[in-house]
Amino acid sequence: SRVVALALATAAFPVGCGGDDSSSDAGGGGRLSVSEYRERANALCAEEKDALARIPPPTRLQEFAAYLEELLRVGRRYERKDDETLEPPPLELRELHQRAERVDARLEAGLERTIERMKRSDAPGVTLAREIRKLNPDIQQGIELARKAGLKECAEVALPTEQRAT
């Protein structure tokens, strides 16, 4: 359903860049090249998409908050992999990487808020739709940042949602 697709994109949009970019790189030797970064990020995004696709979607609205929690759990696991695999980013992509991290943090916080509000709501479907609409600008920004960074797999995570939502 459209709502499931929106939630999936919100929950797990891997911007291809997780973690903290504050690590120092004194000699420059530890940085990935742009092509290495793109290759690794795209591979992680493809792996994450596969993991998310294996999570069975809810069959009832009452199961949806738990479903979103599982999507978030998987997304966080891949965020840790991003930290291990993509740090520090190449200088050419550092600004995009940092912007994507901020978007990813907002999406994660928004999804947590959505889950909590759905759990407390008498109308969880209405709550979900309202919260997803609030997150959509960040979803779109994340897609655009992934495209600009050359992370095709990462941008495609949410593309079906973008097409259905229009």
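Asker: It is not clear to me how the overall build of the protein chain should be interpreted in this structure. Could you clarify?
Answerer: The helix and strand inventory of the protein chain stands at seven helices and zero strands. The order of α-helices and β-strands along the protein chain, N terminus first, is α-α-α-α-α-α-α. Across the 166 residues that make up the protein chain, the buried fraction comes to 46%. Looking at the protein chain as shown, the accessible area adds up to about 8400 Å², and 49% of this sits on carbon and sulfur atoms.

Asker: I would appreciate a short explanation of the confidence of the model for the protein chain in the present structure.
Answerer: Predicted coordinates in areas of low pLDDT are best not read in detail. In the predicted model, the protein chain carries a mean pLDDT of 78, and the fraction of residues at 70 or more is 77%. By mean pLDDT, helix H7 (residues 159-165) is the weakest element of the protein chain at 35, and helix H4 (residues 94-120) is the strongest at 92. Low confidence marks residues 1-28, where pLDDT is under 50. Its contacts with residues over four positions away, or in another chain, come to 91 contacts. Scored below 50 in pLDDT, residues 158-166 shows 17 contacts in the model against residues more than four places distant or in partner chains.

Asker: Teacher, can you tell me more about the pattern of salt bridges here?
Answerer: Side chains that differ in charge, positive against negative, can pair when their charged atoms come close. This structure, assessed with the given rule, holds 13 salt bridges. A salt bridge links Glu-131 to Arg-113; its shortest N-O distance comes to 3.5 Å. Taken as a pair, Glu-131 in helix H5 (residues 124-148) and Arg-113 in helix H4 lie far apart in primary sequence, 18 residues in all. Judged by its relative accessible area of 32%, Arg-113 falls in the partly exposed class. Here the salt bridges do not stand alone but share partners, grouping Arg-113, Arg-117, Arg-130, Glu-131 and Lys-134 into one network.

Each value, and the rule that gives it
- Residues numbered from 1 in each chain as written.
- Predicted model: local features only at pLDDT ≥ 70, side-chain atom pairs only at ≥ 80, totals over all residues.
- Heavy atoms only, no water.
- Helix = DSSP H or I, 4+ residues; strand = E, 2+ residues; numbered from the N terminus.
- Buried < 20%, exposed > 50% of the residue type's maximum accessible area, 1.4 Å probe, protein only.
- Areas by Shrake-Rupley, 256 points an atom, 1.4 Å probe, with all protein chains shown as cover.
- pLDDT = per-residue confidence, 0-100.
- Contact = heavy atoms within 4.5 Å.
- Salt bridge = Lys/Arg side-chain N within 4 Å of Asp/Glu carboxyl O.

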